[in-house]
Amino acid sequence: SCVSSLVRSAALGVPWSTAPQAGRAEFDDLPLPDSVPAAWFGISVALGDSSAVVGASGEATCGPNGGAVYVYKREPRPKLDEWTGVARLVPRPCREGAFFGGQVALSEGRIFVGASSGQTRLQTGTNAAYVFARTEAGEWRQTERFVSDPERSDGAFAADIDLDGDRAVVTASGRLDGQTNGAVYVYDYDRSAEQWRRSARLTVDREEGEGILGYSVALHGDHLAVSASTYFDRAPGAVYLFHRRAGSETWQQSARLGGIESFFIELDLHRS
């Protein structure tokens, strides 16, 4: 099999607590909960077999633009399904201007959430990525908070995130002025120790190709893709593919796809 990169698109057409009519093919709009008018509700979406996650990064939680994430569950009913809001997530610590929920991912009983307000150098309590796990009682609890390496200056941490099982990735997006080149941080969950650990930091030599690393990332098992956009330079960007061999801790760059003419390069991975 091979891994292919695709443009990512996400759509969710389920109401807050009403069921669609059986046999209909069109989507219904997802109305805002009463607490989040005009709060960028729907800026990010993740969908599982029976769960859906929606970011509202502009919601005033602990202050303006603190952000929140809403969790929905599909309840089977005779002849039709019903989606119901079951949780509203906010981070600890919570701060205004964090834009929590700008990116969301959902995998195997975990929700991964990015909070990035675009700073190019992380200070305590700013950009971060959060893991929430579902308890046996069905509640969602924050279990981990990832922040940038204080000894590194890679760019804006948590520019994008992705999650696949016991592995999570977080990008730091490089700066347009070239002072930082961006990076990808890989985290693996150690089930025996019941904790996350950072297992890799991936970078590329900017002289090898166009673009600023880190705008978007996609993860699938031992493969990941990260984009490098030229933004305002009006030149083609690139996508870098990395692969980790089974039983190895080392990630290797396996390919570089150049000549991508897009201001924003969105990614997804699937096996074909």
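Residues numbered from 1 in each chain as written. Predicted model: local features only at pLDDT ≥ 70, side-chain atom pairs only at ≥ 80, totals over all residues. Heavy atoms only, no water.

Visitor: Is there a simple way to think about the sheet that holds strand 17 (residues 251-260) in this case?
Guide: Where strands meet in a sheet, backbone hydrogen bonds hold them as pairs that are either parallel or antiparallel. Taken together, 4 strands build an open sheet; the order of strands is 14-15-16-17 and the sheet is antiparallel. Both edges of this open sheet fall to strand 14 (212-220) and strand 17, since each of them pairs with a single strand only. Taking each pair of neighbouring strands and ignoring which way they run, the sheet shows an average axis angle of 20 degrees. Looking at chain direction, strand 16 (residues 237-244) and strand 17 are connected through 7 bridges and run antiparallel. Within the sheet, the bridge partner assigned to His-243 lies in strand 17 and is Gln-252. (Pairing = 2+ DSSP bridges. Helix = DSSP H or I, 4+ residues; strand = E, 2+ residues; numbered from the N terminus. Axes fitted to C-alpha atoms, helices over the stretch in contact; angles between N-to-C directions.)

Visitor: Would you mind showing me how to read the pattern of salt bridges here?
Guide: Any two side chains of opposite charge can pair, on the condition that their charged atoms come close. A complete count under the given rule lists 10 salt bridges for this structure. Its salt-bridge partner being Glu-139, residue Arg-141 comes within 3.4 Å of it at the nearest N-O pair. In this structure, Glu-249 engages Arg-197 in a salt bridge whose closest nitrogen and oxygen atoms are separated by 3.2 Å. Here Arg-197 lies in strand 13 (residues 195-202) and Glu-249 lies in the loop between strand 16 and strand 17, a separation of 52 residues in the sequence. Judged by relative accessible area, which is 44%, Glu-249 ranks as partly exposed. On the basis of relative accessible area, Arg-197 is assigned to the partly exposed category, the value being 36%. Bridged by salt links that share partners, the residues Arg-167, Asp-188, Asp-222 and Arg-244 form one connected network. (Salt bridge = Lys/Arg side-chain N within 4 Å of Asp/Glu carboxyl O. Buried < 20%, exposed > 50% of the residue type's maximum accessible area, 1.4 Å probe, protein only.)

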